Each structure stands twice: as structure tokens, then as C-alpha cells.
Amino acid sequence: MSKAIITVVGRDTVGIIARVCAYLAEKRVNILDISQTIVQGYFNMMMIVDVDAAEKPFEEMVGELKTLGEEIGVRIHCQREEIFTAMHRI
Amino acid sequence: MINIFEANETNQMIDRENLDVRTITMGISLLDCCDSDLDALNEKIYRRITTRAKDLVAVGEQIATDFGVPIVNKRISVTPIALVGGCACKRPEDFVTIAKTLDRAADEVGVNFIGGYSALVSKGMTAAEENLIRSIPRALAETEKVCSSVNVGSTRTGLNMDAVRLMGRIVKETAEATKERDSLGCAKLVVFCNAPDDNPFMAGAFHGVTEADAIINVGVSGPGVVKEALKAARGADFEVLCETIKKTAFKITRVGQLVAQEASKRLGVPFGIIDLSLAPTPAVGDSVAEILEEIGLERVGAPGTTAALAMLNDQVKKGGVMASSYVGGLSGAFIPVSEDRGMIDAVTEGALTIEKLEAMTCVCSVGLDMIAIPPPRP
């Protein structure tokens, strides 16, 4: 399974999760885990997703999620999981 | 599983603290291009580079997108040209044609720089090596992307003082030959002692004769990340200070290792080494001087600078070794004066002198680096 991590950071507003999830559902990306907190009014979310069945090439999803983030007014990063495990796990 | 704090820490390093993979450098051996006919030699070199490295830039960009970490430069290093061209080049001008071929090949594949216009003369100098050295000013003036280096000494053999004297003149001639462009030629020229065969950083990169046919070396950087980590540990004792540098170096090196393995897989070229060198840029927050000041110096150049730099270098190496079994190249801190915001400020204030820099070079991996010297007044 190839996993990716999507992080969303920005000012909290209604419907952030809904819009990100709607996008992922449309592209057939399965969500494995979501964690979310609000720190001093700032929305902070991390999703672990499975991109094996995704309908689009990974690079395109990275770009489209970034654009979606700009529309909502938050920053969305979508990265392969390996960079985080490489850095934080021995 | 990765948690939200770890994900945020990584992204903060990339977004705010200038963590990046400074370079993916493909080393290509040109030894089998040797030919006694100059035109044939040039043709073989051009073909060899453009075939081997044709996907390098595209793959680099793809990896940057996949992992969300910037890969700033894609570069090529080749076998020292004095060895490859020795058979065909009878005069310095002949070597310049090879420099132009390298430049053309670099343009074709889209890399930023190509290194290896080099001669290794740490003990003695052959006629070909002397010709190459004498051609350096013209070669650097007439090309854009070619980088040159000359190894004039080693711990085992001592210094080749004839080569040292010759290089003194060549540095000045190179400055003169490129005076219309801020003497940029000198920024593309390195005079080495103990030059490593697998250094991915320019201008000193070349593909040593002890290396395989082709290889991927990766240089990682991130002075900003180390500085921010130390800021968070302000006021703690030396043990915590060292521990923080080591942990940060570990994390940075692991990113480099990941990128190197991925690039090696996608390009079908064996992975060589990771070089973790804290390489500053003029950007705010990307400075080695600021790390030293965070350690506790009033200004870089103040008493204690050499000790702080020695400690930084030592801890960076220790953290790096733990993170990757293939650490090589220069691995340490770079101190290029005119590329480091903090050092520029220190020089302007009169805190940092050339004598202090000389002392600093004794404890880190590089020598006097990127220092602009004004011409003598008439």
C-alpha cells in the first residue's frame, strides 16, 4: 500500500474537512486516519491516506490540493509518507 | 504511525527554516571516452553525458513533488578532465574545447552546473595537467556552467608547491578574465587539499577515479533548522546543545538518504553517498554564522569562534553517521563569507578578519571560501 500524508494548516472556518474529503472521495483516495486540533484559533489537521487506487497521478493531486487550499484560505501539503518515517523513526 | 506533531515539525523545517536537499549530483565516469583525436573525444563526452543524465532533472523534480521537499540543484560531476583529455590535448586551447563541450552537454540536460574540469596534482604534475591548469581562466570565462578544481596537496604527500604557485596566478588570471561579470570565474574554481572523490557540492565536485561508472551523490543542507533547534534549547548546558545539533543533523541526513535512494532507484544508477554540509545561502535564516551566534558568540569572529565551529562540525558529523551508513564528501560546515548573511554582517562590522577565517578553516571541512578581495588601489 502506498500511503501519503496530507496536512492542512490555516485559519479555522466552516467546511474545511468536508471540502478536502469530498475532493479525496472524488479521486478515489481512501482515508485511513484523521487527527485534528485547533491551536490558538488555527486549524491543524493531518490525514493518512491510501493513494493506491487514486485516479490521478500523484503530482497532479499535490497541485490540485494546493489550489484547493488556496481557495479555502489554508495551506495544504500532500507528501509521500516515507519522508516522515525517514525523519522520525530509526 | 506518524503523528500530527511530527508531520508539522517536518513541514515547518521545510516551509520556514529552509530545509532543502541542496543538490542531486550524478557522477559520470568519462574514462572510457579517451581518444587521441580531439573531435572524437569531444563527441564521445557529449554523448556519454547526455545519455546518462537525460532524465536527471525530470526525476529530481518528480521526487521534490512526491516528498514535498525542495531539491534546489541538479548537477553532474565527471572524471577529472586532465586524465580524460591527456591523450588528445596538446595545448591549453585544446582543453578549452572540452570545457565548451561540457557546457553544451549541461545545457542539453538542463543541470545547473557540471564539475570535473579538474587536475589532481597533489604530488607531481604531468604536461597534460599543467596544460589544463593553464587553460582554466579561458575555460571559465568562455563557459557558463563548468566548474573547475585543482587538488594541490594531501596529508600523505604534503603540498605540491609548484602547483600552489601556479594556482595563485591562475586565480588572479581567472578574476581578470571574468572582470566584466564580477570576476565570477573565481566562484567556479576550487583549490583543494585532500579533495574527496565523491563530493556532490560545487564548485569542487568531480567524479574520482576510484568511483564506479555512474553514481548518485546527494548534498543536504539546513543551517536554519539547526539554528531554530538551538534557539528552542537556549540556556541549556553543553550536553543538551551537542545533543540538539546531533538530533537535528540526524533528521536532515535522513531526508537526504531517502531522496538519494529514491533517485538511485528511479534513474537506475547506484547510490553513492550523502554529504550533510551546512551550506549557507544569503537568504535570511539560512546562515552558519547565526548558528555560531546562537551557540553563544557575540558575533562570528569573536573569541571562541573556532571552538564553537569545531564543536558544531563534530556534532554534525556524529549525527550524520548515525543517520546514514554512506556519509561521504565534505560533510561539515561551510563558511563561504559572501554567501552567508551573518558573516557579511560580521565583516562589515570589523568582527571577522582573514586571520580568524584562517583559524576557522583548520577545524572545518573547507578552506577560505568566497572572499572578495578588492583590487590594489593605484
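Higher on the page you've got the structure.
Being a predicted model, the structure only gives us computed values, none of them experimental.

(A) Highlighting the pairing of strand 7 (residues 189-192) of chain B. All names here are of chain B. Taking every second residue as pointing to the same face, both faces of strand 7 are buried, with Leu189 and Val191 on one and Val190 and Phe192 on the other. By the bridge criterion, 4 bridges tie strand 4 (residues 146-151) to strand 7 in an arrangement that is parallel. Within strand 7, the position partnered with Ser148 by the bridge is Leu189.

(B) Representation of the sheet that holds strand 1 (residues 3-11) of chain A. Residues and elements named next belong to chain A. Strand order in the open sheet formed by 4 strands is 2-3-1-4, with antiparallel pairing between adjacent strands. Edge positions in the sheet fall to strand 2 (30-39) and strand 4 (74-80), since each of these pairs with one other strand and no more. When the angles between neighbouring strand axes are averaged without regard to direction, this sheet yields 15°. Of the strand pairs in this sheet, strand 1 and strand 4 are connected by 7 bridges, and their pairing is antiparallel. Residue pairing for strand 4: Ala4 is matched across the bridge by Arg80.

(C) Looking closely at the nonpolar core. Residues Ile114, Val255, Val259 and Leu292 of chain B are the most contacted members of the largest nonpolar core, which totals 143 residues. Considering every element that reaches this core, the biggest residue donor is helix 9 (residues 238-267) of chain B, with 11 residues. When residues of this core are assigned to domains, at least three fall in each of domain 1 (25-192) and domain 2 (222-361) of chain B. Every residue in contact with Val255 of chain B, bar those within four places of it in the chain, is listed here: Ile83, Ala86 and Met87 of chain A together with Val21, Val69 and Val220 of chain B.

Analysis parameters
Residues numbered from 1 in each chain as written. Chains lettered and ligands numbered in written order. Predicted model: local features only at pLDDT ≥ 70, side-chain atom pairs only at ≥ 80, totals over all residues. Buried ≥ 20, exposed ≤ 12 C-beta atoms within 10 Å, placed from the backbone. Helix = DSSP H or I, 4+ residues; strand = E, 2+ residues; numbered from the N terminus. Pairing = 2+ DSSP bridges. Axes fitted to C-alpha atoms, helices over the stretch in contact; angles between N-to-C directions. Core = buried A, V, L, I, M, F, W, Y, C linked by C-beta atoms within 7 Å. Domains from an automatic or database assignment. Contact = placed C-beta atoms within 7 Å.

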